[in-house]
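Structural overview
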Amino acid sequence: YGNFIDDLRVYVRGGTGGMGYPRLGGEGGRGGDVWFVARERTTLKSIRERYPQKRFIAGTGANSSVKALKGEKGKDCEVHVPPGISVLCDDGTQIGELNAVGERFLAARGGLGGSLATNFLPCKGQRRIVHLDLKLIADVGLVGFPNAGKSSLLSKISHAKPEIANYAFTTVQPELGKIMYADYKQISVADLPGLIEGAHANKGMGHKFLKHVERTKQLLLVVDISGFQLSIKTRFRTAFETILLLTKELELYKEELLTKPALLAINKMDLPCAKDNLNELMKQLQNPQDFLHLLQEEMIPANTLEFKDIIPISTYTGEGIEELKAHIRKCIDEEAEQENEEYRKKKLLLLQTS
């Protein structure tokens with residue numbers, strides 16, 4: 001999976017409390033806490049390199065003494081993590097998440113200091129093993145089967161330089177790029193490892209791919225107009241079948257993904273017969289119900305994706321690239337405007353009720 005790490009298992013332990021002072025009723029200081037703090041320019045890889053033991057232990061509380069009957073609290077341990085982290089217990093249950101820079105999560109609480117209630121004996125801090133699960137936060141997520149041209153598209157619309165070769169599965173780790181517009185607006189785009197049939201069941205990159213789609217604001221499906229065949233053993237899929245299969249994989253993984261705004265980029269329009277294939281595909285997309293018999297029943301999604309726009313492009317000749325960038329911008333701006341409108345309505349409602 002390359003140098004990219006999106007899951008890290010760490011041990012966290014809160015500090016032990018300080019000893020009480022029975023003769024004078026003194027209380028020991030509380031043990032320090034372990035906090036996860038979201039910071040920019042941090043990666044899970046950098047955490048692993050800096051702390052190879054992957055153990056984070058907070059300081060012990062100070063003992064109560066004649067000079068200071070109330071002992072000082074132990075030193076907190078702060079671990080800087082990238083935004084987009086979900087914190088999971090060892091059994092897989094989510095106990096917290098950090099989505100924005102500056103957010104904090106209490107991973108392990110320090111133990112109480114010795115006092116009358118504890119017979120002046122200190123308590124140990126909370127200890128547990130947690131998983132830091134990273135899901136990329138991007139405005140647009142590129143979704144498509146291998147060799148659809150996602151990496152080529154990312155290199156055309158942004159300054160990212162993904163490695164590109166002419167065989168399937170060249171992208172083995174997520175790539176992030178930024179589209180720069182004339183008015184300095186930036187939109188982040190994530191190119192994610194190619195899906196294959198059965199990805200929802202964790203085949204191929206499976207969940208490693210699909211979990212990154214969850215935090216993108218909108219989807220951009222990239223489809224090869226001439227169709228796709230993974231290997232000699234698998235069936236050839238037309239562009240229409242490919243769209244339905246991608247939809248099915250997203251639906252089986254998490255149905256909410258289909259509620260995200262989606263654009264469709266039809267790539268490789270420089271190939272011969274591309275125009276005829278495009279006309280055929282547009283007919284099929286206008287009335288998808290009439291063509292569902294082409295697929296096996298278990299491959300038909302319950303809900304089809306509603307595309308805001310369908311843009312024919314060629315990453316080889318550059319055809320349609322500028323138009324696609326304009327559509328992405330329009331879609332993101334509309335979404336932001338809608339969010340602002342909802343926020344204004346909520347505020348207005350709060351004012352009215354108060």
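A short tour of the structure in this document, coming up. (Residues numbered from 1 in each chain as written. Predicted model: local features only at pLDDT ≥ 70, side-chain atom pairs only at ≥ 80, totals over all residues. Heavy atoms only, no water.)

Things to note about the sheet that holds strand 7 (residues 104-108)
- If you walk across this open sheet you meet the three strands as 4-2-7, and the pairing is mixed. If you trace the sheet from one side to the other, it starts and ends with strand 4 (77-81) and strand 7, each paired once. Ignoring strand direction, the axes of neighbouring strands in this sheet form an average angle of 30°. (Pairing = 2+ DSSP bridges. Helix = DSSP H or I, 4+ residues; strand = E, 2+ residues; numbered from the N terminus. Axes fitted to C-alpha atoms, helices over the stretch in contact; angles between N-to-C directions.)

A closer look at the side chain of His327
- Mapped onto the secondary structure, His327 falls in helix 6 (residues 321-353).
- Taking the relative accessible area as the measure of exposure, His327 reaches 17% and is therefore buried.
- Beyond its immediate stretch of four places on either side in the chain, His327 contacts Leu263, Asp309 and Ile311. (Buried < 20%, exposed > 50% of the residue type's maximum accessible area, 1.4 Å probe, protein only. Contact = heavy atoms within 4.5 Å.)

Details of the pairing of strand 2 (residues 34-38)
- Judged by how many residues are buried, strand 2 sits mostly within the fold: four of five residues are covered.
- Sheet analysis places strand 2 next to strand 4, joined by five bridges and oriented parallel. Bridge pairing links Phe36 to Val79 in strand 4.
- Note: strand 2 against strand 7, four bridges, orientation antiparallel. Bridging from a neighbouring strand, Phe36 pairs with Phe105 of strand 7.

In short, geometric facts, not functional conclusions.
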